[in-house]
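Chain by chain, the residues:
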Amino acid sequence: MQTGRETPAWTFLTHHARVLLEIARNPEVRLREIASWIGITERTVQNIVNDLHDAGYLTRERVGRHNRYTLNADLDFRYPTEAGMPVRRLIAMFADRDLPEGQPSHPT
């Protein structure tokens, strides 16, 4: 049983899902911010963003010195048991929840 604010040993949402949600909250978020909020390395976030981009879940546009991301929220989940369900459902369920302390909610 957990007490206080201990970090759980596992979660239901993968790092891929959490990165996708952070981008949905703020399409101009910086990767170092995502890494800090989720508790993973910036390199891991970059690899996840590359995975999401390669799979068609997001596009990126260079704006000055940072990227602006656009999600393809109508794309379906990849796993067979969730096939036929768009990732928009996940975003709608979690985008305004589980916000890191002090981070404002952003529309998708």
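Scroll up a little and you will see the structure.
Cut-offs used in this document
Residues numbered from 1 in each chain as written. Predicted model: local features only at pLDDT ≥ 70, side-chain atom pairs only at ≥ 80, totals over all residues. Heavy atoms only, no water. Axes fitted to C-alpha atoms, helices over the stretch in contact; angles between N-to-C directions. Helix = DSSP H or I, 4+ residues; strand = E, 2+ residues; numbered from the N terminus. Parallel < 35°, antiparallel > 145°, perpendicular 65-115°, else oblique. Left-handed = near helix turned anticlockwise from the far one by under 90°. Contact = heavy atoms within 4.5 Å. Nonpolar A, V, L, I, M, F, W, Y, C, P; charged D, E, K, R; others polar. Core = buried A, V, L, I, M, F, W, Y, C linked by side-chain atoms within 4.5 Å. Buried < 20%, exposed > 50% of the residue type's maximum accessible area, 1.4 Å probe, protein only. Pairing = 2+ DSSP bridges.

Caption draft 1: Structural context of the packing of helix α2 (residues 31–38) against helix α3 (residues 42–54). Following both chains from N to C, one finds α2 and α3 inclined at 110°, their axes separated by 8 Å at the closest point. One element, α2, and the other, α3, form an angle in the roughly perpendicular class. In the packing of α2 onto α3, the handedness of the crossing is right-handed. For the pair α2 and α3, the contacting residues are Leu31, Arg32, Ile34 and Ala35 in the first and Glu42, Val45, Gln46 and Val49 in the second. Of the residues in the contact of α2 with α3, the class split is five nonpolar, one polar and two charged.

Caption draft 2: Structural context of the nonpolar core. Grouped together as the largest cluster of nonpolar side chains are 25 residues, with contacts concentrated most on Val19, Ile23, Ile34, Val45, Val49, Leu52 and Ile91. Residue assignment for this core shows that the elements contributing at least two residues are α1 (15–25), α2, α3 and α4 (88–94). When near neighbours in sequence (up to four residues on either side) are disregarded, Leu52 contacts His16, Val19, Leu20, Tyr57 and Leu58.

Caption draft 3: Region of the structure containing the pairing of strand β2 (residues 66–71). With six bridges joining them, strand β1 (residues 58–63) and β2 adopt antiparallel strand pairing. Pairing of Thr59 across the sheet is with Thr70, part of β2. Between β1 and β2, which follow one another and run antiparallel, lie two residues, and Gly64 among them has a positive phi close to 65°.

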